[in-house]
Every structure is written in structure tokens, then in C-alpha cells.
Amino acid sequence: MKILDRYILSSFLKTFFSVFIILMFIFVLQTIWLYIGELAGKDLDVEIILKFLLYFSPKLVPLVLPLSILLTSIMTFGSFAENYEFAAMKSSGISLQRAMSGLTIFVFLVSLTAFFFSNNVIPAAEFKSINLRKNIAKLKPAMAISENIFNEVGNINIKVEEKSGDNDQFLRDIIIHKKNQRSGNFTVMKATEGELMGSTDSDVLSLVLKDGNYYDEIQPNDAAKRKNKPYAKSYFEEYIINIDLSEFNNVDLDDENYHNSQGMLNTSELRESIDSFSTNYNKEVKIFKESMLSRSGAATLELNYKPADTITETEASVLDLFNAQQASQITGFAISSAEAALSHIKLKKQDFKISFRQINKYEIALHEKYALAAACFVLFFVGAPLGAIIRKGGMGLPMVIAILLFLTYHFIGIFAKNSAEDGSISPFFATWLPTIIMLPLGILLTYRATTDQGLFAFDSIFEPFKKLLKKAGLIKKKDKID
């Protein structure tokens, strides 16, 4: 390696590691802010919190690494141009492409490392972080009760309208479905307010309900009596439910039972999952088509009815062949059958939509691993010539330009992926769209930096107007010097 290549590479690496560490620290702080509700107030050790951040940090690399390469490229080459080092290189016959050649090899190796990192390290970290989050959520039942949704706590499913108090112990507008040996929600309790009471040394949490109603649907052993649907209903001023917390107090934070997420899989596992989901999806669609065809009776229509060759004017409608009562019954049956079919179609349509979105999410996760490597390489060819053009180093203007470019790249990717989930566009195209947009920009900037042109060619824009003004005599032509 020549002295010039070592100098350019060392300058790039010093800036790159500094920028990467700073950006990673900023994004980790954002992570703490986002998940502070899951970590605070649960008596977690510092080791558990650090482990949580350690598991979550690798997922930040797809954001931090491309931005670091873009910003470092602008800062490094902008500093070279600002200090006239590029002018010295060009006077010695060294072009911009030659100056970028050593870094091109380095960025290519970084891109390959990014792919292997996203294919192996990030899925493992995703697996660890999600399981740790789910285990942390079990440590405190009061924290496990979210507002306006049903939450499973011990042997009850509870929904509350509002929580209050220093420890969220006061509850308002409570609905409880109590579990028992029978399958189904047969016991329901409603109360206007309640309070969670217990001590840290006890494995029992008391839920005190006030001013409520108790409903229990009785299931007799005699099937004939079940048709009457007997039930017991009562009103209470105060009702106490004891919840066993032994499972909450014995939470294993290293438990790893959850493994159903596309972020936990590498490329081979994603391909296998996509093939499996696609096969099942196509099979379900085929079964549904056959079921609806059989349900409509269209397949057996010719077996049951023989159409006449001719029809008279009095037989213009099938209902005219029946009396009013029969026609009314037939119409009612047809309407109810059509409504039932439409209701069934709507339900299956929603199921198919969920399955289709799942397949698209897995395809997006697959292509993201390759797109990350390509993005690192392409953004280098955007940042390096851009820095040479603007001729400005440091953290000022290069930081602003890098953030604007990266936000454009990032938000295009977010909007495209959201559209791809519901099938509006192809998952492949959505994942690669930001890189496809940045690639022509990188080629254009590299060409303009190589040919010593500015960022924008204003002369080519205003030149036709100048010619028109000269012809009109509004601008005098310059005298030629003999």
C-alpha cells in the first residue's frame, strides 16, 4: 500500500470510528427513552439493564452504519478539498477515482461484513432481546396491566379503563373474565373501581373490587337443561380476588421460549419460512375456492335442473313459476344464503390478508439483509464526491447534508416497506428502492467531482436565456480581442 493510500485510509478510519461511536451512543439513548417504561420500577439489576441494551444495540447497526459511512465520506473528502490536498493530488496526476480506490476496497469489505452481521448477529440479538422483554414484563403484575385492553394476570383476564396512584394500584371501570376448568368465558365481573393490595414478601396479590356485578353462566350436566341457559347474577359492594404471584416472582429472565419473528431468522431460514407460508397460503386459497363453489351448488346445477330450449313470456322470471308464499320462501332463503356467503368471504378475506402481510414481512426481512450491504457501498459513492464538491470538512455543513440525504433515504424505505406489507408494491422493489434512487445520484456526483464541476450546473440552465437576450439586444456581446 502506498503512502497516499495509507494516509487517506487512516484519515477515513479516524473519522469513521468517531462518528460511528457518537451515532451509536445517540441511538442507544433513544432506545432507553423508548423502553424506559419497561425497565423502570421493576427492581432490575444493572446487569439486566445492560444486557437489554446489549441485545438491542445490534438492531441499530442498519441505521447507524450507512449514516456513518455517508457522513464520514463527506467529512473526509470535504476536508481534503478544503485544505487543497485534492489540488495537490491532481497536480501530481492523481485523479479522484485513484484517491478513492483504496477506500473503495475498504468500504466493500465493510459491506460484506454488514451482510454477515445482519445475517447472523442481528437475528441472535433480536431473539435474545424479545425474550428478555417478555420476561421483564412478567416481573410486576401492575405493570403488566395495560389500559383499555385485556391482560392475562394469574388466573384472570382483566381490562381497566384507567390506572392511577403512585404504583398504578388504583383501577377504574374494571371488566374481569375469570378462568376455571371449563373452556370459555362463563364468569364475568364488572366493577366501577378497584385496588391492588399486597406486599413484596407475599406470593399473593389481592384485588379489591368495589361496587360491581357478578355474572356466572351455569353449565348443567343434563344437555336438555343447557338449552334454558341458566345463570347466576349478583351485586356486591366489595369483592376480593386473590391472585397467585408465584409464577411472577419466579421469572427466569434467561428463558427463551419465544421464537416467532422474522427478525430472528437468517437468510436460509427466511427462505424456508417464505416457501412454507406461500405453500400454505396457496393451499388455503384453493380449498376456499373449492368450498365456495361447492357451497353455491353451481357444480351440481346441471344435474338437478334441465333448462328448457325455449321460454315463454310468462316464464320470464323463475319466481313466476311458484305461488306467492313459495316465492317469498325462496327469496328469503336466497338472500340468507348470499349474506352468509358474503360474511364468510369477508372473514376469509381478513385471514388471507393477515397471511399475505406475514409473507411480505418475511420477504422484506430477507431483502433488507442484502440491501444493507449495497446501501453502505452506494452511500460511499454519494458522500465522497459530494465532500469533494462542497469543499467543507468538520461537523457543520457535512452533518446537515448527510442527515438530509440519509433521512430522504430512510423515509423512502419506510414508506415503501409499509406499502409492500399490504401488497401495494413488490417487497423486493420496496426494499431496494432507496438504494436504486441513491445509485444514479452517486454516479452523477462522482462524474461532476471528477470533471471539476459544481454541485449544480447553473450555467447550462441560464445559457439558453442569455442567448435569447443577446439576440434581442438586451445584453451586449463582448468584443473579440485580435
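Fair warning: this is a prediction, and the values are worked out from it, not measured in the lab.

Here is what the cut-offs are and how they apply
- Residues numbered from 1 in each chain as written.
- Predicted model: local features only at pLDDT ≥ 70, side-chain atom pairs only at ≥ 80, totals over all residues.
- Heavy atoms only, no water.
- Axes fitted to C-alpha atoms, helices over the stretch in contact; angles between N-to-C directions.
- Helix = DSSP H or I, 4+ residues; strand = E, 2+ residues; numbered from the N terminus.
- Parallel < 35°, antiparallel > 145°, perpendicular 65-115°, else oblique.
- Left-handed = near helix turned anticlockwise from the far one by under 90°.
- Contact = heavy atoms within 4.5 Å.
- Nonpolar A, V, L, I, M, F, W, Y, C, P; charged D, E, K, R; others polar.
- Phe/Tyr/Trp six-rings, centres within 6.5 Å; stacked < 30°, edge-to-face > 60°.
- Buried < 20%, exposed > 50% of the residue type's maximum accessible area, 1.4 Å probe, protein only.
- Salt bridge = Lys/Arg side-chain N within 4 Å of Asp/Glu carboxyl O.
- UniProt positions renumbered as here; feature names shortened; annotations may be inferred.
- Patch = residues over 30% accessible without salt bridge, like charges linked within 9 Å, V, L, I, M, F, W, Y side chains within 5 Å.
- Areas by Shrake-Rupley, 256 points an atom, 1.4 Å probe, with all protein chains shown as cover.

Here's the deal with unusual backbone geometry
Positive phi, close to 55°, is recorded for D173, a residue that is not glycine. Even without being glycine, D211 reaches a positive phi, approximately 55°.

Side note on the packing of helix α4 (residues 61–82) against helix α12 (residues 324–390)
Interaxial distance between α4 and α12 falls to 7 Å at its minimum, and their mutual angle equals 25°. Between α4 and α12, the interaxial angle falls into the category roughly parallel. As for how α4 packs across α12, the hand of that crossing is right-handed. Along its contact with α4, which presents P62, L65, P66, I69, L70, S73, I74, F77, G78 and A81, the element α12 presents L372, C376, L379, F380, V382, G383, A384, L386, G387, A388 and I390. A breakdown of the residues in the contact of α4 with α12 according to their chemical character gives 17 nonpolar, four polar and no charged.

A word on the packing of helix α1 (residues 3–34) against α4
At a minimum axis distance of 8 Å, the contact between α1 and α4 shows a crossing angle of 140°. One way to sum up the angle between α1 and α4 is to call them oblique. Relative to α4, the crossing made by α1 is right-handed. When grouped by side-chain class, the residues that make up the contact of α1 with α4 number 18 nonpolar, six polar and no charged.

With respect to the packing of aromatic side chains
Per the stated rule, a full pass over the model turns up 22 aromatic pairs. Measuring from ring centre to ring centre gives 6.1 Å for F12 and F16, while their planes differ by 10°; the resulting arrangement is stacked. One end of the pair, F12, and the other, F16, are both in helix α1, four residues apart, so they sit about a helical turn from each other. Considered together, F12 and F16 belong to a single accessibility category, that of buried residues. Ring geometry for F411 against F415: centres 6.4 Å apart, planes inclined by 25°, an arrangement best described as stacked. Here F415 and F411 lie together in helix α13 (residues 397–421), a separation of four residues that amounts to about one turn. Here the aromatic residues Y7, F12, F16, F17, F20, F77, F80, F106, F108, F377, F380 and F381 are joined through ring pairs into a cluster of three or more.

Notes on the pattern of salt bridges
Evaluation of the coordinates by the stated rule reveals five salt bridges. Members of the salt-bridge network, linked through shared partners, are E162, R172 and D173.

What to know about the environment of C376
Mapping C376 onto the fold places it in helix α12. You can call C376 buried: its relative accessible area is 0%. In the structure, C376 is positioned 306 residues away from L70 in sequence and 8.0 Å away in space, judged by C-alpha atoms. Not counting residues up to four positions away in its chain, the partners in contact with C376 are L65, P66, I69, V107, S111 and A114.

Side note on the UniProt feature "transmembrane region" (unreviewed entry) in the protein
When the UniProt feature table is mapped to this numbering, "transmembrane region" (unreviewed entry) covers residues 12–36, 60–81, 102–122, 370–390, 397–416 and 428–447. With 95% helix and 0% strand, residues 60–81 has end C-alpha atoms that lie 32 Å from one another.

Observations concerning a nonpolar patch on the surface
The grouping of I105, F108, L109, L112 and F116 at the surface amounts to a nonpolar patch, some 500 Å² of accessible area in total. Note that L109 resides in helix α6 (residues 96–136). Under the relative-accessibility criterion, L109 is labelled partly exposed at 47%.

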